[in-house]
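Tertiary structure, described
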Amino acid sequence: MQKDYSSIKAHYQFTKDDEALLLQMKPQVESFVDEFLNGFYEIIWSFGKTGEFLKDPEVAARHRAVIRKWYLELFNGSYDISYFLKLYKIGEVHVSLGLPTHYVNAAFSYVRVFILGRIHQLNTNGADLTHKLNAIERILDINLDVLTSSYREEEISRFMSLSSIEKTLLGLLKKTS
């Protein structure tokens, strides 16, 4: 991860200008953080199995605080190795809990639609609206990429622990399906 974070930003064409635009938008996104959180929890509770992961009010409250912090940090304007390590750790927690990647992707869909919609509403006459929206898209894509990398590494780890017979059987199953 330490070597990769700069290349991840480069691959997404995430620039210092994007960082500055995100920081510039922070006061706006702070103003609707509660609306964001209410909608976020409405979405994730609709998944049906969220109660398996947020088992009691204390866990749910801690989770809400973590989501609030993550949401606001999207707009901190600083995306260094510590930022990327936090994201990676969040992904590791999701993997350790057995949270399906589908839930992560569906939640990100809500995040994307919500933030882009609010920024668009507040900046209809702004000359830099397109640049702002692109910066949001990039930071969300980067977040999703890093979070889900934990899932990929878990899959690789599981595959590597298979015996040669199990690997051969898996390969044959893939060819026949």
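Residues numbered from 1 in each chain as written. Predicted model: local features only at pLDDT ≥ 70, side-chain atom pairs only at ≥ 80, totals over all residues. Heavy atoms only, no water.

Once that is clear, we can look at the packing of aromatic side chains. Counted according to the given criterion, the structure contains 14 aromatic pairs. Summarising the aromatic geometry, the rings of F36 and Y71 are spaced 4.1 Å apart at their centres and angled 15° between planes, so their arrangement reads as stacked. One end of the pair, F36, is in helix α3 (residues 33-45); the other, Y71, is in helix α5 (residues 57-73), and 35 residues separate them in sequence. One exposure class covers both F36 and Y71, and it is buried. Between Y71 and F75, the aromatic rings sit 6.2 Å apart at their centres with planes inclined by 65°, giving edge-to-face as the arrangement. Taken individually, Y71 and F75 each receive the classification buried, so the pair is uniform in this respect. Every member of this aromatic cluster is reached through a ring pair, and the members are F32, F36, F40, Y41, Y71, F75, Y110 and F114. (Phe/Tyr/Trp six-rings, centres within 6.5 Å; stacked < 30°, edge-to-face > 60°. Helix = DSSP H or I, 4+ residues; strand = E, 2+ residues; numbered from the N terminus. Buried < 20%, exposed > 50% of the residue type's maximum accessible area, 1.4 Å probe, protein only.)

Attention now goes to the nonpolar core. Considering soluble globular proteins, one finds that nonpolar side chains tend to be buried as a cluster. Of all hydrophobic cores here, the largest spans 48 residues; its most connected members are L22, F36, F40, Y71, I115, I119 and I136. Those elements that place two or more of their residues in this core are α1 (4-11), α2 (16-31), α3, α5, α6 (81-97), α7 (101-122) and α8 (129-160). If sequence neighbours within four positions are ignored, I115 has contacts with Y71, L74, F75 and I136. (Core = buried A, V, L, I, M, F, W, Y, C linked by side-chain atoms within 4.5 Å. Contact = heavy atoms within 4.5 Å.)

Caution is warranted with low-pLDDT regions, since their predicted coordinates should not be read in detail. Per-residue confidence for the chain averages 84 on the pLDDT scale, and 83% of its residues sit at or above 70. Considering each helix and strand of the chain separately, the mean pLDDT is smallest for helix α9 (residues 164-176), with a value of 57, and largest for α2, with 96. Counting contacts from residues 154-162, a segment whose pLDDT is below 50, to residues more than four positions away or on other chains yields 6 contacts. (pLDDT = per-residue confidence, 0-100.)

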